[in-house]
Amino acid sequence: MSSLSMSLLRGAVTSPFKRAGRSDAALPAGRASLPPARSAPGPLASYSRVCGFTEPGVLPLTYPHVLGFPLAMRVMTGRAFPLPVLGLVHTWIDITRHRVLHPEDRLELTAYAAGLTDHRRGTEVTMVTEARLAGELVWESRSGYLSRHATGPTTAPAARTAAVPEDLPAVAEWQLPGDLGRRYGAASGDRNPIHLHPLTARLFGFPRHIAHGMWTVARCLAEVETGMGAGEPGRIRSVRADFRAPLPLPATVTYAAAGAAFEVRGARRVHLTGSVTLDGS
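Everything numeric in this text was worked out from a predicted model, so none of it was measured.

Caption draft 1: Spotlight on the pairing of strand 3 (residues 107-119). Note that strand 1 (residues 32-37) and strand 3 share four bridges and pair antiparallel. Looking at the pairing, Ala-32 lines up with Ala-111 of strand 3. In this structure, strand 3 lies alongside strand 4 (residues 122-133), joined through eleven bridges in antiparallel fashion. In the strand pairing of strand 4, Leu-116 is matched with Val-125. Remark: two residues form the turn of the hairpin made by strand 3 and strand 4, two consecutive strands paired antiparallel.

Written out as structure tokens, the structure reads:
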């Protein structure tokens, strides 16, 4: 977590010297890695508590992303990375696990930048995080981060999004407190100022602080697990989620779901859509 704080600071310092939209932009070829290690019980318990995971002995599907996020930030705040990290918007995430993971597993984590794509609102970078056990790939995620800048006429392909039916039925109503961003930040190490307090969020153009997108995904997966009932730990094999709109705090939102699809919506906007696949499906 201390390395993540240092990366955030480095990003704040280096971002003014980078310019998005350069035609000669290229991604760094290097990868950032961490040696094999078990998940620390205290932070994992805090993360599970704030996200709503209750299944003991199984690593939440989203948790390796949290463990690997400092590595991704190290890549994105490096001198060779072409986009300013300040202002990057997390637009989507795909996560796939290839086996059920447990807290005692000694995961070796790696993160790298996989590609730059033209976007109608700027340039999108795909970041990859991988987890291995004894050299075997057991978990991976791909995330899109958008750097917004002026663009001309573009032929960028439409973004692939999770297949979500219209009018999903409401399943639960969530009351999100104003300190949710600070609580999730303490558990995950992601203390981005836009999530912590209205005053710090206004420095980046937000009228109020907003919930972490990765908290919203994790909370949805915890709800999916609750709906499956006990005795089926780790059945979620993959998830695709798209971040549609910022979720200001505090808030009351609706979690809606049917079949494999889910969404989080407020009174006026849909904030997140997603879908899961289960083992055997």
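Caption draft 2: Structural context of the pattern of salt bridges. Summed over the entire model, instances satisfying the criterion amount to nine salt bridges. The residue Arg-240 makes a salt bridge to Asp-94 at a minimum N-O spacing of 3.2 Å. Linking Arg-240 in strand 7 (residues 236-243) with Asp-94 in strand 2 (residues 89-97), this pair joins segments that are 146 residues apart in sequence. In this pair, the class of Arg-240 matches that of Asp-94, namely buried. For Asp-279, the salt bridge goes to Arg-97, with nearest N and O atoms at 2.6 Å. Here the residue Asp-279 occupies a position in the segment after strand 10 (270-278), and Arg-97 occupies one in strand 2, the gap between them amounting to 182 residues. Note on Asp-279: relative accessible area 31%, which makes it partly exposed. In this structure, a network of salt bridges that share partners links the residues Arg-31, Glu-130 and Arg-132.

Caption draft 3: Representation of the nonpolar core. Core analysis: the largest hydrophobic core is formed by 63 residues, its most contacted members being Tyr-47, Met-76 and Met-127. Setting aside residues no more than four positions away along its own chain, Met-127 makes contact with Ala-72, Val-75, Met-76, Phe-81, Tyr-112, Ala-113, Ser-141, Arg-142, Ser-143 and Tyr-145.

Cut-offs used in this document
Residues numbered from 1 in each chain as written. Predicted model: local features only at pLDDT ≥ 70, side-chain atom pairs only at ≥ 80, totals over all residues. Heavy atoms only, no water. Pairing = 2+ DSSP bridges. Helix = DSSP H or I, 4+ residues; strand = E, 2+ residues; numbered from the N terminus. Salt bridge = Lys/Arg side-chain N within 4 Å of Asp/Glu carboxyl O. Buried < 20%, exposed > 50% of the residue type's maximum accessible area, 1.4 Å probe, protein only. Core = buried A, V, L, I, M, F, W, Y, C linked by side-chain atoms within 4.5 Å. Contact = heavy atoms within 4.5 Å.

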